[in-house]
Amino acid sequence: MLYLLQKYEKSMVYRLIFAVDVLLLISICSWGFYNIKYQRQKSMEYAVAGADRLTKTIKLGTHYAMMLNSRDEITQIINNIGKQEEVVNLRIYNKDGQIKFSNRDSEVDQTTNIKDEACYICHSTDPPAASLDLQDRTRVVKSDEGELRLGIISPIYNEPGCAAECHVHPKDKKVLGALDVVMSLKGTDLEIFRFEKAVVGLGILIFAVTSLIIYHFISRFVRGPIEAMIDGTRRLSQGDYSTRLRVEREDEIGALADSINRMGKKIGEKQIELNRQRDEYQHLFELVPCIITVQDKNYKLIRYNREFAEKFAPKPGDYCYCAYKGRTEKCVECPVERTFVDGLSHYSEEKGIGKDGEETHWFVRTSPLRDDSGEIVAAMEMSIDITRRKQLEEKLENSEKKYYAIFNNIPNPVFVLDFDSLDILDCNESVKSVYGYRKEEIINRSFLDFFPNDDKAVYQKQIKAVPIFNQARHIAKNGKSLFVTMRLSPSEYPGKKVLLVTTSDITKRLEAEQQLIQASKMATLGEMATGVAHELNQPLSVIKTASNFFMKKIKKKEPIKDKILYTMAEEMDAHVDRATKIISHMRQFGRKSDLVLEKTQVNKVLKSAFEIFSQQLKVRGIQVDWNIDEKLPEILADSSRLEQVFINLLINARDAIEERWEHVEYTPGDRKIVLTTNSDGATVCVKVADTGNGIPPDKIDKIFEPFFTTKKVGKGTGLGLSISYGIVKECDGDIRVENVEGAGACFILTFPADERTD
């Protein structure tokens, strides 16, 4: 028990054993107490019953002697009975309390106090009680030696026989005296002591055996599994989640062990996940591409990530304002301070000096960190380095300034148009010098307002699809017409799609080109003069011959037959028409005209150009071969200007042939021009080939440049091919030249076929 008591404060098992033992001890003690009490009561009742029987026996034994008043016999009976070992005193009292008989002769005739125990039983009331229960007549007293004694006093009643004349007792007396028997309870006490000893011994034995059984049971079925579970949970608490409790039982402890095993497995799985998440969060914390610090209420750095360490190189115990900005005191406007005050997140933009000595900018957001009670114990400061963005913003600002400087100083007008509505969103300063409008006058106006009313619908449809417009006509503020080249490109303009339109004023250039074209025409007319003379000589010769014939006939007064007269008149009329046509053609060719693109048949224009030179080429012995596709599709071109191109090419071919074969003998077919037209359906191709000297390879790239010529000095202006190139381009065509080996040069013109239907 002492060992259990020492373990009480430390072990639940021992406390359980102790509690069970205490309960068992109380139970055994209670059982023993009530058993001994019951046995004592039964022994006393037995002793009282024996004493009562003895009293009755004495009364019966002495009854006859008393009836005869034989004192000696009574004395003898009392003495004989008083010799029994358990009998201590036998007394017979009279009604006055005098001992009339006793087993002790020395007590005879002694008078006792009426208040003594033996007498007081009856004399406690007045008058004295005549009859009492056995329990009331019984008393237990202790002797001077400490021995318990049982006393029973029994009344001796007056019987009818006792009231006879021979007796002295009157008839009205009910109680004549009392018989007092005092017996020793030594034997009873010894028996009770032995019983108590046996009960106590049995209780101790039962307690000991039961305690051992309980200890063994609890140790085996409770303490062992509990210690195993304690050891297992201790290992679980130390992080050993592979621990498994081997408690092979199906009771509550087995269920508890199984639950602990499952709990350990779940905790292990959760711990693995937590460790993974912790490592992941730690990895993120360390490698996240932003600056993170944790600060206490004194703004001291508690923790920070690698980005911060690499950016600012803090020292242990640094304060945030020192690490970030090299300050010695808190910043005036501190988002961390505001977070500690109101518990909310705050934002700010800060700048400082990094460890590399360069100015650093960062964007800050703070967040409170609270303990379990909700009190703010720290603040997390997350910062994004925006140094690069700041530098880019500065560069962008400078770039924008440069852009606007360039934009406003571009010599050509530049417009920014809304892609959908074509409203003018912005423009540069050159608009005023070209169009006469101030910037604020045209912002938010439609770009189509610059076009004549007849052209608005056409340009509105094409302006988003065509990247360039040549010779578009605009109206300036003063109402004057401008011819411009428009270049358009889609772009982005603060959040919306726009069109960038650059216009080039080509009005003066067109005027100069017209003058050059006209000059070229005049030069071409000069070249054509010889051919025209040849063309006119034939009709004039016919007219001259016919007129001479008429004059001779008239002088001779000879009649002219009607048929001859009609034939000669018809021939003269035809040649007059031919001469008129040649003169009209030259007048039309030499007239100044604007470019008008219309459906044109290439073969017709080519034949018209050839008619002027047909006689001239024939006189010079130049053969012309025609390879004409009569089913050519029409093209969009200015027929007058296209004829000028073909005339220039024919003149160049004529001059190249004459230059080559001027001092060289030739045979028929050596001096030849080949005119070819064909089409693949999408394009129309015209080729003008000659048998001249060709073009030197080092000069072929310059052949279309203005004022460049390969002819001898005084024989060419250098404008023919340049102007021809411009005319072909205006008709959306292309012109190039190739040298044909051993056969001179070949000019190739291609035009897109007109697919429109009227």
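Cut-offs applied
- Residues numbered from 1 in each chain as written.
- Predicted model: local features only at pLDDT ≥ 70, side-chain atom pairs only at ≥ 80, totals over all residues.
- Heavy atoms only, no water.
- Patch = residues over 30% accessible without salt bridge, like charges linked within 9 Å, V, L, I, M, F, W, Y side chains within 5 Å.
- Areas by Shrake-Rupley, 256 points an atom, 1.4 Å probe, with all protein chains shown as cover.
- Salt bridge = Lys/Arg side-chain N within 4 Å of Asp/Glu carboxyl O.
- Lys, Arg positive; Asp, Glu negative; His and termini not counted.
- Charge placed at Lys NZ, Arg CZ, Asp CG, Glu CD.
- Buried < 20%, exposed > 50% of the residue type's maximum accessible area, 1.4 Å probe, protein only.
- Pairing = 2+ DSSP bridges.
- Helix = DSSP H or I, 4+ residues; strand = E, 2+ residues; numbered from the N terminus.
- Axes fitted to C-alpha atoms, helices over the stretch in contact; angles between N-to-C directions.
- Arc of directions from axis to C-beta.
- Contact = heavy atoms within 4.5 Å.
- Parallel < 35°, antiparallel > 145°, perpendicular 65-115°, else oblique.
- Left-handed = near helix turned anticlockwise from the far one by under 90°.
- Nonpolar A, V, L, I, M, F, W, Y, C, P; charged D, E, K, R; others polar.
- Phe/Tyr/Trp six-rings, centres within 6.5 Å; stacked < 30°, edge-to-face > 60°.
- Lys NZ or Arg CZ within 6 Å of the ring centre and 35° of its normal.
- 1 Å grid on protein atoms, 1.4 Å probe; cavity = no way out; pocket = protein on both sides within 12 Å on 5 of 7 lines; lining within 4 Å.
- Points joined across faces, edges and corners; volume = space filled by probe spheres on them.
- Core = buried A, V, L, I, M, F, W, Y, C linked by side-chain atoms within 4.5 Å.

A. The arrangement of a positive patch on the surface in detail. Among the surface-exposed residues, Arg 244, Lys 265, Lys 266 and Lys 270 lie close enough to one another that they form a single positively charged patch. According to the relative accessible area criterion, Lys 265 is partly exposed, its value standing at 48%.

B. The arrangement of the sheet that holds strand β11 (residues 414-418) in detail. Strand order in the open sheet made by the 5 strands is β12-β11-β15-β14-β13, with antiparallel pairing throughout. Each edge of the open sheet is held by one strand with a lone partner, namely β12 (424-427) and β13 (468-475). Strand-to-strand twist of the sheet, defined as the mean angle between neighbouring strand axes without regard to direction, takes the value 35°. Pairing of β11 with strand β15 (residues 496-505), which is carried by 5 bridges, proceeds in the antiparallel orientation.

C. Molecular detail of helix α9 (residues 335-342). Among all positions in α9, only Pro 335, Val 336, Thr 339 and Phe 340 are buried. The arc that holds the buried residues of α9, viewed along the axis, is 145°, so those residues lie on one side. Buried-residue contacts for α9 involve β6 (291-295), β8 (347-353), β9 (359-370) and β10 (376-385). A positive backbone phi angle near 75° is found at Gly 343, which sits one or two residues after α9.

D. Looking closely at the environment of Phe 447. In this structure, Phe 447 sits in the loop between α12 (439-442) and α13 (453-462). Residues within four places of Phe 447 in sequence aside, it is in contact with Phe 415, Leu 417, Leu 422, Ile 424, Ile 463, His 474, Met 486, Val 501 and Thr 503.

E. Inspection of the sheet that holds strand β20 (residues 683-690) at higher detail. Strand order in this open sheet of 5 strands is β17-β19-β20-β22-β21, and the pairing throughout is mixed. Two strands bound the open sheet, and with one partner strand each, they are β17 (623-627) and β21 (734-740). If you compare each strand with its neighbour and ignore which way they point, the axes differ by 15° on average. With 7 bridges joining them, β21 and strand β22 (residues 744-752) adopt antiparallel strand pairing. The residue bridging Val 740 from the neighbouring strand is Gly 744, located in β22. Its contacts with the sheet place helix α17 (residues 639-661) against β19 (672-679), β20 and β22, and it is angled at close to 145° to β19.

F. Local environment of the packing of helix α16 (residues 602-619) against α17. Across the interface, α16 lies against α17 with an axial gap of 9 Å and an inter-helix angle of 40°. In terms of orientation, α16 lies oblique with respect to α17. The two elements α16 and α17 meet at a crossing, and its hand is right-handed. Contacts between α16 and α17 involve Val 602, Val 605, Leu 606, Ser 608, Ala 609, Phe 610, Ile 612, Phe 613, Gln 616 and Leu 617 from the former and Ser 639, Leu 642, Glu 643, Phe 646, Ile 647, Leu 650, Ile 651 and Arg 654 from the latter. Here the residues of the contact of α16 with α17 sort into 13 nonpolar, 3 polar and 2 charged.

G. Region of interest: the packing of aromatic side chains. For the coordinates displayed, the defined rule picks out 13 aromatic pairs. Look at Phe 447 and Phe 451: their rings are 5.8 Å apart centre to centre, the planes differ by 80°, and that puts the pair in the edge-to-face class. For the pair formed by Phe 447 and Phe 451, the shared burial category is buried. Taken together, the ring pairs in this structure connect Phe 415, Tyr 435, Tyr 437, Phe 447, Phe 450, Phe 451, Tyr 459 and Phe 469 into an aromatic cluster. The lysine or arginine in question, Lys 497, covers the ring of Phe 419, its NZ or CZ lying 4.3 Å from the ring centre.

H. Highlighting a nonpolar patch on the surface. A surface patch of nonpolar side chains, amounting to about 530 Å² of accessible area, comprises Trp 31, Leu 202, Leu 205, Ile 206, Val 209 and Ile 213. Relative to the helices and strands, Trp 31 resides in helix α2 (residues 12-67). Residue classification places Trp 31 among the partly exposed positions, given a relative accessible area of 38%.

I. Main features of empty space enclosed by the protein. The tally for this structure, following the rule as stated, stands at 2 cavities of 30 Å³ or more. In this model, the largest cavity occupies a volume close to 110 Å³. Looking at the largest cavity, it is lined by 13 residues, and the ones nearest its centre are Tyr 324, Lys 325, Cys 331, Glu 350 and Glu 381. Put simply, the parts of the chain that give the lining of the largest cavity at least two residues each are α8 (320-325), α9 and β9. The leading source of residues in the lining of the largest cavity is α8, at 4 residues. Within the lining of the largest cavity, the residues separate by chemical class into 9 nonpolar, no polar and 4 charged.

J. Region of interest: the nonpolar core. Core analysis: the largest hydrophobic core is formed by 41 residues, its most contacted members being Phe 646, Ile 673, Phe 747 and Leu 749. Mapped onto this core, the elements with two or more residues apiece are α16, β18 (635-637), α17, β19, β20, α18 (720-730), β21 and β22. Looking at this core, the element that brings in the most residues is α17, giving 10 residues. Residues contacting Phe 646, with those up to four places away along its chain left out, are Val 602, Val 605, Leu 606, Ala 609, Val 686 and Leu 749. One finds Phe 415, Phe 447, Phe 451 and Val 484 within the second-largest nonpolar core, a separate group that totals 25 residues.

K. Structural view of the pairing of β13. Strand direction decides the pairing type here: β13 and strand β14 (residues 481-493), joined by 6 bridges, are antiparallel. Across the sheet, residue Phe 469 finds its bridge partner in β14, namely Met 486. The turn linking β13 back onto β14 is made up of 5 residues, and Gly 479 within it adopts a positive phi angle of 85°.

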